[in-house]
Structures are given as structure tokens and as C-alpha cells.
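# A look at the structure
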Amino acid sequence: MPVRAHLVMLASLVALLMAGPASAHQADPNIDTAVLALTPNLPGVEVSIVPGGLIPAVSAYNPTPGQLEVLGGDGTPFLRLGPRGTEANLSSPSYWRSTAPSGAARIPTGAFSGAAPRWRLIARRPAWAWYDQRVPVIQVAPPSARTRRQPTLLARFSVPLRFGSRPVTANGIVEYLPPRVSPTAYMTSSLHPASGLTVALLAGSYPDLFLHNASARPVTILGQAGEPFAEVGPAGVRVNLHSPIYAADQLARGVPPRLTPDPAAPPVWRRVSSASSFDWLDPRPRYLERWTIPLRYGPRELFISGGMQSAATAPVAPPAARGSGTPWWVFLLAGIALISAAGVAWLLRRRK
């Protein structure tokens, strides 16, 4: 598939994820959709709602040796996550519907209820996200809910799963949460971690970090897994397209990442500026109560560190996946999976 066509398609999906069927300014920011529990509990398996979209999407992560299946409306599995990675049942109409926010996807002729399963690997990791029409879409809270000071339950939902031969249910709710305090990121490390280096944090809905390097030596910003994310120096700025931090920065800006995030892969560098300054949207100050961003400066290891504090604000969206304990990078993988899903579906239809 031509690279340009792939990027145009992904950009369209990102816009859809950000805007949904209505303007973001028309949605109630205090409506929270969350998966509360798996019944029965599956230690190590995490199922949650992807934060940030007007159309709720479900994400699953299964690093265990067992196999987790997501069942469609007819009771047959359309996704399975396990040691092999993530596989899709191309014969299931539910899989194709899961790639579209409204569920109105074009279904190939060979995909119908009762068809023999055709499994295809769509991701090397056991993490995926999908749109599920069993999750209610409520964008405006009723007036009675907005006048209450206590949370108001708006709807319940469940998504059927199977772990091995055991039936499992992901149970969740949609509720209205009154306006609350919002966490604000702050920095505790020095503004000048080394001679010639200046670091600043612009706190906002998505914290913006800034680094200026006036020295003659480049400084490397490291990702959560220790991979090089960006290098800032006299020759300018270059970024590693394989770093999950790069992917998170691009998604936060509404731009599809160029490559699939893989911190273990060899760096793929791309020059983005000839200046010796760089600012980026980093998920660590946004999702972690105590955060640290390591820097490599010649033989020295430096750190940008900080935390989050509560500050009274106007109504804001509450944290998604409440109580799930899901790490920030699972949310990132889920977001990438949503974008990748449309690409995989498009490519498979083209090959047919």
C-alpha cells in the first residue's frame, strides 16, 4: 500500500477519534465510561476504556500464558490475545464492525455468522483496542444528573470474553461525575540540570516539556523502557521513530506516528529541527503521580523529575479506567491499536 494513502487513512481515523460524530465542545466532559471488573477475576489480564475519545473504545492486554478471546454478538470469538500476539478472525462480521466507531463497516462477502474462523496475526503484542457497540455512547448528561453533587449512574454494560475454556465478562458503567479537581503536573528537578542545559515544564491538559541545549555536546532524552527518544544538540534535533514516547507525542498532536512503537527495535532516526531546542508532549507527567525522565549527557546520567498536584479547575474529564491499575503505556498501545486496526482492515480488503 502506498505510504501516502496509508497516512491519509490514519490521519482520517485520528481525526475521527478526536472529534467523534459531534464537536468535542458539544460533549459533556464529566461523563465517565469505565470497566470496573472482570468476572471472574483474571490476574494479569487488563481490560479498560481507552481515554480521550468521544466514542468509547475498549482495550485489552493479556501478557499471561493463557489465551483471551473477545466474543461477538453471535458468541463466536473475533479477537484473541495470547503468547502469539493479537489475532483477528477475518470470518467474523464483529471484527470488521470493531474497526468503525459507529459499527457501520464494510463487511467482506466471506465474513458472516457461522463461517469457519480464519485467524490472522495483526499485532505481535497481546494488546489491542476496538470499538464495541455493547458499550453505550452517552455524550450529554441529563439535567437531573448535572444538578447532583454525587455521581449518577447512567448505564451499565458488559463485554463477553473467554479465557481458555472459561467464560469471562468485562463489566462496566457509564456515569456522570460532578466537577472535580484536576491533577496538574509540576517539576521538582533543576531548571539547569547541567551547564548549558535548560529544562522547563508548561503544565496544561497535556504537559509540554521544553529542553534547550546551549552546550557543544548533544543530550539524549530516554523513553520509559530506556530507549533513546530524542537527541538535542548543536546539529539540531532528531527523534527515534520507534520510541513509544514519540508515538504518544504525535497522537497527542493529532498526527499518526510514522512507525509502530517498539522500544526494543533499533532506533530509526529522523531530523525534525535544525535548532538546539525541543519541546514534546510526554505521557509520563500526565499519567504518573511521580515521574522521572532520564537524560544521557556524555558519560553523565541526568534526570527531569516531578509529580502531580491537585488544583481546582473547571469541569474536566475524570480519569478513565478508574481503579484498573493500567500503566500509561497500555493506554498508548491501545491508542496505536485503534489506529492500526483500520490500516489492517483496509489492507486486507485491498488484498482480497
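Residues numbered from 1 in each chain as written. Predicted model: local features only at pLDDT ≥ 70, side-chain atom pairs only at ≥ 80, totals over all residues. Heavy atoms only, no water.

## Considering the overall build of the protein chain
- For the protein chain, the helix and strand inventory stands at six helices and 20 strands.
- Put simply, the protein chain has 352 residues, and 49% of those count as buried.
- The long-range share in the protein chain, meaning contacts at least 24 apart out of those at least 6 apart in sequence, stands at 64%.
- For the protein chain, the computed accessible surface area is about 16400 Å², with 56% contributed by carbon and sulfur atoms. (Helix = DSSP H or I, 4+ residues; strand = E, 2+ residues; numbered from the N terminus. Buried < 20%, exposed > 50% of the residue type's maximum accessible area, 1.4 Å probe, protein only. Contact = heavy atoms within 4.5 Å. Areas by Shrake-Rupley, 256 points an atom, 1.4 Å probe, with all protein chains shown as cover.)

## Some remarks on the packing of aromatic side chains
- Considering all chains together, one arrives at four aromatic pairs under this definition.
- Look at F278 and W280: their rings are 5.4 Å apart centre to centre, the planes differ by 10°, and that puts the pair in the stacked class. By the burial criterion, F278 is buried, and W280 matches it.
- Every member of this aromatic cluster is reached through a ring pair, and the members are F229, F278 and W280.
- Across the ring face of W269, the terminal group of R238 is positioned such that the distance to the ring centre comes to 4.1 Å. (Phe/Tyr/Trp six-rings, centres within 6.5 Å; stacked < 30°, edge-to-face > 60°. Lys NZ or Arg CZ within 6 Å of the ring centre and 35° of its normal.)

## Focus on the nonpolar core
- Of all hydrophobic cores here, the largest spans 35 residues; its most connected members are V47, L79, W130 and L161.
- It is strand 9 (residues 152-163) that contributes the most residues to this core, five residues altogether.
- Listed in part, the 26 residues of the second largest apolar core include I221, L241, W280 and I293. (Core = buried A, V, L, I, M, F, W, Y, C linked by side-chain atoms within 4.5 Å.)

## A closer look at the environment of V268
- Relative to the elements of secondary structure, V268 occurs in the loop between helix 4 (244-252) and strand 17 (269-273).
- Accessibility expressed as a relative area gives 32% for V268, which makes it partly exposed.
- C-alpha separation for the pair V268 and L241, spaced 27 residues apart in sequence, amounts to 5.4 Å.

## Digging into the sheet that holds strand 13 (residues 208-213)
- In space, the three strands of this open sheet follow the order 12-13-18, with antiparallel pairing throughout. Each of the sheet's edge strands pairs with one partner strand only, and the pair in question is strand 12 (197-202) and strand 18 (277-281). Going across the sheet, the axis of each strand differs from the next one's by a mean of 15°, ignoring polarity.
- With five bridges joining them, strand 13 and strand 18 adopt antiparallel strand pairing. What sits directly across from L211, in strand 18, is F278. (Pairing = 2+ DSSP bridges. Axes fitted to C-alpha atoms, helices over the stretch in contact; angles between N-to-C directions.)

## Some remarks on the confidence of the model for the protein chain
- Per-chain confidence: the protein chain averages 81 in pLDDT, with 78% of residues scoring 70 or above.
- Per-element averaging of pLDDT across the protein chain places helix 1 (residues 3-19) at the bottom with 35 and strand 4 (residues 68-71) at the top with 98.
- Predicted confidence for residues 312-331 stays below pLDDT 50, and this span has 50 contacts to residues more than four positions away or in other chains.
- In this model, residues 344-349 is a region of pLDDT below 50 whose contacts with residues beyond four sequence positions or in other chains number 14 contacts. (pLDDT = per-residue confidence, 0-100.)

## Some thoughts on the environment of S305
- Looking at the element boundaries, S305 is found in strand 20 (residues 300-311).
- S305 sits 117 residues away from T188 along the chain, and the two C-alpha atoms are 5.7 Å apart.
- When residues no more than four places from it in sequence are discounted, the contact partners of S305 are Y186, M187, T188, S189, W291 and T292.

## Description of the environment of A111
- Within the secondary structure, A111 sits in the loop between helix 2 (93-97) and strand 7 (119-123).
- Take A111: its relative accessible area is 8%, and that puts it in the buried class.
- A111 sits 18 residues away from P93 along the chain, and the two C-alpha atoms are 5.5 Å apart.
- In contact with A111, other than residues within four places in its own chain, are L90, S91, S92, P93 and W96.

## As for the pattern of salt bridges
- Inspection of every chain in the model, using the stated rule, returns 10 salt bridges.
- Across the pair D262 and R125 runs a salt bridge, and its minimum N-O distance is 3.5 Å. A residue pair is termed long-range when its members are at least 10 positions apart, and D262 in the loop between helix 4 and strand 17 and R125 in the loop between strand 7 and strand 8 (127-131) qualify at 137 residues.
- On the basis of relative accessibility, which here comes to 25%, the residue R125 falls in the partly exposed class.
- Salt bridges sharing partners connect three or more residues here, namely R80, R84 and E87. (Salt bridge = Lys/Arg side-chain N within 4 Å of Asp/Glu carboxyl O.)

## Focus on the sheet that holds strand 5 (residues 77-82)
- As summarised here, the arrangement of the seven strands in space is 1-10-9-4-5-6-7, forming an open sheet in which the pairing is antiparallel. The open sheet terminates on both sides in strands that have one partner only, identified here as strand 1 (31-39) and strand 7. Neighbour to neighbour, the strand axes of the sheet diverge by 30° on average, direction disregarded.
- Here strand 4 runs beside strand 5; their pairing, made up of four bridges, is antiparallel. In the strand pairing of strand 5, V70 is matched with L79.

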